[in-house]
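Architecture and fold: a report
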Amino acid sequence: MRTLEYLRPATPADAVRAVAEHPGARYLGGGTNLVDHLKLGIAAPELLVDVSRLPLDEVETYDDGSGAGLRVGANVRNSDLAAHPLVRSELPLVARALLAGASGQIRNQATTGGNLLQRTRCVYFQDPTTPCNKREPGSGCSAIEGYGRYNAILGASPDCVATHPSDLAVALVALDTTVVVLGADGERRVPLEELHRLPADDPSRDTRLAPEDLVTAVEIPLAGATKLSTYRKVRDRASYAFALVSVAAALHLTEGIVTDVRIAWGGVAHVPWRARRAEAALIGHALTEQAIREAVGDELRHAETSEQNAYKPPMLRRTTAHTLLQLAAQSREESR
Amino acid sequence: MDETIRLTVDGAERTVEVDTRTTLLDALRERLEVTAPKKGCDHGQCGSCTVLLNGRRHLTCLALAVAHDGAEITTADGLAGGGPSADRLHPVQQAFLDHDGYQCGYCTPGQVCSAVGVLDEVKNGHPSHVTADLEGDPDLTDDEIRERMSGNLCRCGAYPGILAAVRQAAGA
Ligand SMILES: Cc1cc2nc3c(=O)[nH]c(=O)nc-3n(C[C@H](O)[C@H](O)[C@H](O)COP(=O)(O)OP(=O)(O)OC[C@H]3O[C@@H](n4cnc5c(N)ncnc54)[C@H](O)[C@@H]3O)c2cc1C
Ligand code: FES
Ligand code: FES
């Protein structure tokens, strides 16, 4: 058995230094994904740098001149974030996305940073006895010809059809969230929409982060459509299952006309998918089922499906329409 | 690599040397002979390894022991206080007895720890996936209990008894 060193750094800077100096090092958050990967033989780090006790566990409001927002430390547990009063009142889609994920126990353990960086649940990625370009570059993709129910329909490549699994990421990408990263050259801010990457010819990389990049917080703007928002997840059983597809949506109507709308999808791509084209098609129009279906169709114009995941485009059309129309009804209700 | 860690388990201070790869579940069961938490799937999917860690429900199979140095752990054995020889059961345990909340009993230590966690979360106003009003205080309806307990599987299908037990304990 390989040996594994364990380090608990005192500060974020110490953590970054430790990983930068040690090529075989990985950060450990709540461990609910990484510990599983150690057991499955998917990850074989030589050093674990445990960041779960770093003081990155505050939820606080900020105002950076361009507007107010909520800064969530990387170590805030999924359960605590979902229960936070401001998240429940101002960012219901975030609370809903978190509560639709995993189980009560796992949400108590899982961190905000670890959640965004969890790896795909593609069955072949998780089974080291099968070829997988993400796990073992160049070995091939077993999912393309194999079990395809969860496969991506947008942005996939001939090398990888895996989907990104996080529910939280889908909600946050809809809100123009920024990820605060501490790297070898200091702190920087990365739009969440640019954090994850499409597989192209290198599926082994899920994100644009360097190994030593430590996520220290996420910043969620509290501007525009956030309050009238929700997250809808379709899955094979009612609870404790990953998404077939999911829809994060936020809406603002002015006299029945869409003045702000956010749509993001889970279960469709290697990234949490912001449906910007669909959003643009809806702005300035009345929100009808027909308009939504057309907007979704436009977003899906390059979708590629196989027999096993051909259910996804119609499911997305229905779920997106249902979710937005429900928000519209809620909006009418509240303005009465 | 070995590391020495300290845990408080069911009220007793324990010191144990563990390999850095050892999970909390294996440290408890194999090194400390604390066998209340059970190994079902070992991958976070069944809940049978659930304990209360620093007061909150937590899986022990997806946790490294070294990462929890200093933790205070309550297993199903320690719920009643006074350890395995306690002569009185915790209300949640009594409710499982009253309602036949088990058959083989393998998932039960995880179920009762999880249920204790659920009751606490509800008391603190935490919403769930099925809570209609995110801002209101949740009512522990049957749907709420089912959703909140969904991280604990029961191969024997004792779910009706488990549901009734949690309902009783919530009213207690
Ligand atoms: C049975 C089961 C069901 C699940 N169901 C769902 C579900 O329905 N929806 C869902 O969204 N998720 C689900 N999950 C996944 C769960 O949400 C993730 O495992 C969890 O959020 C990961 O967080 P963590 O803190 O435990 O991460 P870890 O396992 O500690 O880390 C995950 C990754 O992030 C890296 N990392 C951790 N923290 C940082 C940081 N601060 N900076 C940089 N890198 C970091 C680690 O190196 C690792 O690569 C499920 C998990 C299980 C086991
Ligand atoms: S053994 Fe831990 S969840 Fe199954
Ligand atoms: S009682 Fe047998 S698994 Fe639950």
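Only a predicted model underlies this, so the values are computations on that prediction, with no experimental measurement involved.

Conventions we followed
- Residues numbered from 1 in each chain as written.
- Chains lettered and ligands numbered in written order.
- Predicted model: local features only at pLDDT ≥ 70, side-chain atom pairs only at ≥ 80, totals over all residues.
- Heavy atoms only, no water.
- Helix = DSSP H or I, 4+ residues; strand = E, 2+ residues; numbered from the N terminus.
- Rg over C-alpha atoms; globule rule 2.2 N^0.38 Å.
- Polar contact = N/O pair within 3.5 Å; in protein donor to acceptor, adjacent residues only side chain to side chain.
- Contact = heavy atoms within 4.5 Å.
- pLDDT = per-residue confidence, 0-100.
- Core = buried A, V, L, I, M, F, W, Y, C linked by side-chain atoms within 4.5 Å.
- Buried < 20%, exposed > 50% of the residue type's maximum accessible area, 1.4 Å probe, protein only.
- Near = heavy atom within 4 Å.
- Areas by Shrake-Rupley, 256 points an atom, 1.4 Å probe, with all protein chains shown as cover.
- Nonpolar A, V, L, I, M, F, W, Y, C, P; charged D, E, K, R; others polar.
- Buried area = accessible area lost by both parts, 1.4 Å probe.
- Salt bridge = Lys/Arg side-chain N within 4 Å of Asp/Glu carboxyl O.

Looking only at helices and strands, chain B features five helices and five strands. Scanning chain B from its N terminus toward the C terminus, one meets helices and strands in the order β-β-α-β-β-β-α-α-α-α. In summary, chain B has a C-alpha radius of gyration of 16 Å against a globular reference of 16 Å for 172 residues, a match within 12%. Each principal axis of the C-alpha atoms in chain B carries an extent, and together these give about 50 × 35 × 30 Å.

Residues and elements named next belong to chain A. The residue Arg274 is located in strand β12 (residues 273-274) in this model. Among the polar contacts made by the side chain of Arg274, one reaches the side chain of Glu279 at a distance of 2.7 Å. Setting aside residues up to four positions removed in sequence, Arg274 forms contacts with Val173, Ala174, Asp176, Glu193, Arg262, Ile263, Ala264, Glu279 and Glu299.

Residues and elements named next belong to chain A. Among the structural elements, Arg262 can be located in strand β11 (residues 257-266). Polar side-chain contacts of Arg262 include one of 3.1 Å to the side chain of Asp260. Excluding anything up to four places from it in sequence, Arg262 contacts Ala174, Leu175, Asp176, Ala223, Gly224, Ala225, Ala248, Ala249, Ala250, Arg274 and Glu279.

Moving on to the confidence of the model for chain B. Per-chain confidence: chain B averages 96 in pLDDT, with 97% of residues scoring 70 or above. Our summary of model confidence lists the complex with pTM equal to 0.98 and ipTM equal to 0.97.

With that out of the way, let us pick up the nonpolar core. If you look at soluble globular proteins, the nonpolar side chains tend to sit buried side by side. Residues and elements named next belong to chain A. Within the largest apolar cluster, 50 residues are counted, with the highest numbers of intra-cluster contacts made by Tyr27, Val49, Val94, Leu172 and Leu214. The leading source of residues in this core is helix α8 (residues 167-174), at seven residues. Excluding residues within four positions of it along the chain, Leu214 makes contact with Pro12, Ala15, Val16, Tyr27, Val51, Leu54, Val180, Val181 and Leu182. Leu244, Val247, Ala249 and Leu251 belong to the second-largest nonpolar core, a separate cluster that totals 32 residues.

The next thing to look at is the site of ligand 1. Arg26, Tyr27, Thr32, Thr111 and Asp167 of chain A are the nearest of the 35 residues found near ligand 1. Of the chains in the model, those with residues near ligand 1 are chains A and B. Within the side chain of Arg26 of chain A, a nitrogen or oxygen atom sits 2.7 Å from an oxygen atom of ligand 1. In this structure, Gly29 of chain A approaches ligand 1 through a main-chain N or O atom, which is 2.7 Å from an oxygen atom. Protein coverage of the free-state accessible area of ligand 1, which is 980 Å², stands at 96%. Counting only elements with at least two residues in the shell around ligand 1, the list comes to β2 (25-28), α7 (112-116) and β8 (214-221) of chain A. Per-element accounting of the shell around ligand 1 gives the leading share, three residues, to β2 of chain A. Taken together, the residues of the shell around ligand 1 break down into 15 nonpolar, 15 polar and five charged.

We now examine the interface of chain B and chain A. With 41 residues of chain B at the contact, the number on the chain A side is 41 residues. For the pair chain B and chain A, the two sides together bury roughly 3400 Å², of which 49% comes from carbon and sulfur. Of all residues in chain B, Arg21, Leu62 and Leu134 of chain B give up the largest surface area on contact with chain A, accounting jointly for 21% of the area buried on that side. At the junction of chain B with chain A, the criterion picks out two salt bridges. Residue Asp42 of chain B is joined to Lys39 of chain A by a salt bridge in which the shortest nitrogen-to-oxygen separation is 2.9 Å. Here chain B and chain A share 25 residue pairs in polar contact (both at pLDDT 80 or more) between them. Counting residues per element, the ones that place at least two in the side of chain B that touches chain A are β4 (56-58) and α3 (108-123) of chain B. Tallying contributions element by element places β4 of chain B first for the side of chain B that touches chain A, with three residues. The class makeup of the residues in the side of chain B that touches chain A is 13 nonpolar, 19 polar and nine charged.

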